Structures are given as C-alpha cells and as structure tokens.
Amino acid sequence: QVQLVESGRGLVQAGDSLRLSCTASGRTFTYAMGWFRQPPGKEREFVAAITWSDITTYGADSVKDRFTISRDNVKKTVFLQLNKLKPEDTALYYCAAHNGGSFYLKGSYDAWGQGTQVTVSS
C-alpha cells in the first residue's frame with residue numbers, strides 16, 4: 001500500500017512560480033508517478049507523469065512549456081515545478097501512484113494524495 005503526502009500549497013500572483021512536492025511511503029518507489037489537477041467546478045485532469053527512469057509525459061499544451069515534473073528516488077519524492085502561473089492554473093493539485101495503463105487516465109493510478117491547493121490571482 002502506498003501513502004502519498006503533498007506539500008507546497010500557495011496563494012500566488014500571475015507570473016509567479018511554485019513547487020509542489022509529494023512524498024511516498026509504502027511499497028518500493030519504482031513505480032511511475034503522476035500529477036493531476038481539479039479546477040473549481042471541473043473534472044480532474046492529467047498534468048504530467050514521470051517514470052522511475054525519468055521519462056516524462058505532459059498533458060495539455062498549456063502546461064508543457066511552464067510546468068516540469070521531476071523525482072528524487074532516494075527521497076521517494078516527486079516534484080511539480082509550476083512557472084509563469086496563470087489564474088486558470090488555480091486548482092487542487094493531486095499526486096498519484098501509477099499502477100499500469102495510460103498515464104492520462106485516473107483509473108491507471110491506485111493511490112492518491114490528499115490534494116494541495118494552488119490559487120493564482122490576476
């Protein structure tokens with residue numbers, strides 16, 4: 001069983017940067033990890049994923065050039081660097097442990113963090 005704890009929530013202004021962290025405990029940290037986000041009143045959407053060997057996959061074009069996913073396997077932590085933040089990036093951000101299948105699908109993940117709030121003001 002995997003437990004995930006996120007940190008890095010914040011209220012920032014447009015153009016600012018923020019780094020989210022997610023630390024895992026439980027089974028050996030060889031699985032891929034993903035980040036999702038859920039804007040107010042909308043569905044949870046895929047942001048990015050990273051394999052144990054640092055192969056990355058990103059979701060919407062709107063985040064590819066601004067967000068960076070990385071991981072530290074020794075510390076069992078995955079990061080999401082958010083740059084040039086926009087008000088439309090406001091959402092609850094979740095990390096998740098991948099358990100097989102498409103990175104883009106919520107059903108491919110079998111453990112989720114509690115979510116960390118990112119709010120971007122204009």
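Residues numbered from 1 in each chain as written. Predicted model: local features only at pLDDT ≥ 70, side-chain atom pairs only at ≥ 80, totals over all residues. Heavy atoms only, no water.

Participant: Which residues make up the pairing of strand E2 (residues 10-13), and what are the values?
Facilitator: Side-chain alternation along E2 places Gly 10 and Val 12 on a buried face and Leu 11 and Gln 13 on a face that remains uncovered. As defined by bridge partners, E2 adjoins strand E11 (residues 116-121) across 4 bridges and the pair is classed as parallel. Counterpart to Leu 11 in the pairing with E11 is Thr 119. (Buried < 20%, exposed > 50% of the residue type's maximum accessible area, 1.4 Å probe, protein only. Helix = DSSP H or I, 4+ residues; strand = E, 2+ residues; numbered from the N terminus. Pairing = 2+ DSSP bridges.)

Participant: So what's going on with the side chain of Ser 21? Residues and values would help.
Facilitator: Locating Ser 21 in the fold gives a position in strand E3 (residues 18-25). Once residues lying within four places of it in the same chain are set aside, the contact partners of Ser 21 are Val 5, Glu 6, Ser 7, Trp 35, Thr 77, Val 78 and Phe 79. (Contact = heavy atoms within 4.5 Å.)

Participant: Tell me about the pattern of salt bridges, and name the residues and values.
Facilitator: Throughout the structure, instances matching the rule amount to 5 salt bridges. Residue Asp 89 pairs with Arg 66 through a salt bridge whose shortest N-O separation is 2.7 Å. Taken together, the residues Asp 89 in the loop between strand E8 (77-82) and strand E9 (91-98) and Arg 66 in the loop between helix H1 (61-64) and strand E7 (67-72) connect sequence positions 23 residues apart. It is possible to trace a salt-bridge network through shared partners that takes in Arg 37, Glu 45, Arg 66 and Asp 89. (Salt bridge = Lys/Arg side-chain N within 4 Å of Asp/Glu carboxyl O.)

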